[in-house]
Each structure stands twice: as C-alpha cells, then as structure tokens.
Amino acid sequence: MSRKPRLILASKSPRRSDLLTKMGFSFTVHAPDVDENISGAPSDMVRLLAERKARAVSDFYDEGYIVAADTLVALSNQALGKPEDEADAYRILSSLSGKNHQVYTGVCLMNAKTKASVSKTVRSDVYFKTLTPDEIKAYIETKEPMDKAGAYAIQGGAATFIEKYEGSYDNIVGFPTEEFRRMYDQFASLSTEE
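Worth saying up front: this structure is predicted, and the values here are computed from it rather than measured. (Residues numbered from 1 in each chain as written. Predicted model: local features only at pLDDT ≥ 70, side-chain atom pairs only at ≥ 80, totals over all residues. Heavy atoms only, no water.)

Some details on the side chain of S17
Mapped onto the secondary structure, S17 falls in helix 1 (residues 14-22). Looking at S17, the relative accessible area reads 16%, which means it is buried. When near neighbours in sequence (up to four residues on either side) are disregarded, S17 contacts L9, F27 and V29. (Helix = DSSP H or I, 4+ residues; strand = E, 2+ residues; numbered from the N terminus. Buried < 20%, exposed > 50% of the residue type's maximum accessible area, 1.4 Å probe, protein only. Contact = heavy atoms within 4.5 Å.)

Laid out in structure tokens, this is it:
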C-alpha cells in the first residue's frame, strides 16, 4: 500500500485540526497570511478565500497537499463575521433568533508540487429557536461567541439554541469532513496517475 502524501492544513483553527485528526489524517499546520477582505455572495466568498489561503501556503512547499477552508454564517445572503465585541455578538445572535440561516464552508485541496487544485462550497441550514435577551447575554458571558463566525458554536453552548439543522453537522462546526473525504480520495487517485 502506498504511503499517504503529506497534508498541510492552511488554518490555525483548532476545530479544523480536531476534525482532521478524527478523520485519521496526520498533518502539519501552516496558518496563511492573506487578505481576507473580499466581497460577493457568501457561497463564492468562502471558496475564493479557501483558494487564496491554499495558494499562499503552497508557496512554502514543493510536495504534499495543502488543505484550506473558510466558513461564513449568512442570514438573508448577508455574511455575518466574527463579532467585534460583546455588543456586536448580541446584535448577531439577536438577528439569528427565531430564524434559519446558512453556514457555508469553502474547501480547497491543492497539490503543492503541481499547484493543481479542486475546491467546493458546502452549505448547511441551521434553524434557531427564539432566544430571550437573558439567554443571549448568558451565552456571551461564556466568551465562546467571540471568535466564531455568526457568534456561536453548534458544538458548544449554543447547541441548545438549535431547533434543527439540514446538511453536514461538521460543516457547521467549520469543516465539512464528508465532502473533504470525497475530495481527497478523488484528488489523490488523480494525482497518483500523473
């Protein structure tokens, strides 16, 4: 059996590292230094940012695969980033209360040697229950929302806010493991044929 090629994760996200580890991958972390200011539809923005991150990191390697991802929460097709402060977290969570929203993750897998790549956007839909001001304030006091797109973590304290979701749970966490497995298997088989 052939040895798996080296994998480089172009992200400092502990959630992405955890999910890749649970998938059985060993990898190196190399956080990209890229301009993340981009405009457009959220589904396009995440894919383009993932591609930008992969390209930036690929400059440092001449073998292996770079995997990069970017996740956005969108409400009515408007991206909701990470909160700037507690007041912003309150505003974001209040806007999600009682509504459904989308979580988009763009994933790019790049061959560091050839620079060939494949990228996809994965969408999940999340339905929030109606939240009380006290519930929102108590959650913000935990500090968990402060570094999360959309100001919440489905795998953390916000689990009780979710009425239901459609699509990939791991995508909502920040990395669509099912889709990445398919991408990796297809891409690796193509690369070995070169």
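A few points about the environment of V67
For V67, the location among the structural elements is in strand 3 (residues 65-75). The exposure class of V67 is buried, given its relative accessible area of 0%. Along the chain, V67 and A87 lie 20 residues apart, while their C-alpha atoms are 34 Å from each other. Among residues more than four places away in sequence, those in contact with V67 are L7, I8, L9, A10, L20, V107, C108, L109, F175 and F180.

Some details on the packing of aromatic side chains
For the structure on display, the rule yields ten aromatic pairs. Judged by centre distance (6.0 Å) and plane angle (65 degrees), the rings of F128 and F161 are edge-to-face. Remark: F161 occurs in the loop between helix 4 (133-141) and strand 7 (162-166) and F128 occurs in strand 6 (residues 117-128); sequence separation between them is 33 residues. With a relative accessible area of 4%, F161 lands in the buried category. Relative to F180, the ring of F175 has its centre 5.2 Å away and its plane inclined at 55 degrees; by these criteria the two rings are tilted. Using a relative accessible area of 1% as the deciding quantity, one classes F175 as buried. A network of ring pairs unites the aromatic residues F25, Y65, F175, F180, Y184 and F187 as a single cluster. (Phe/Tyr/Trp six-rings, centres within 6.5 Å; stacked < 30°, edge-to-face > 60°.)

Things to note about the environment of A87
Inspection of the secondary structure assignment puts A87 in helix 3 (residues 86-96). A residue is classified by how much of its surface remains accessible, and A87, at 58% relative accessible area, is exposed. Once the C-alpha coordinates of A87 and K137 are considered, the two residues, 50 residues apart in sequence, prove to be 9.7 Å apart.

Concerning the packing of helix 3 against helix 4
Two packed helices can be described by the angle between their axes and the distance between those axes. Packing of helix 3 against helix 4 brings their axes to within 10 Å, and their N-to-C directions diverge by 135 degrees. Taken as axis vectors, helix 3 and helix 4 run oblique relative to one another. The two elements helix 3 and helix 4 cross, and the hand of that crossing is right-handed. Listed contacts from helix 4 to E86, A89, Y90, L93 and S94 of helix 3 are P133, I136, K137, Y139 and I140. Considering only residue class, the contact of helix 3 with helix 4 consists of seven nonpolar, one polar and two charged. (Axes fitted to C-alpha atoms, helices over the stretch in contact; angles between N-to-C directions. Parallel < 35°, antiparallel > 145°, perpendicular 65-115°, else oblique. Left-handed = near helix turned anticlockwise from the far one by under 90°. Nonpolar A, V, L, I, M, F, W, Y, C, P; charged D, E, K, R; others polar.)

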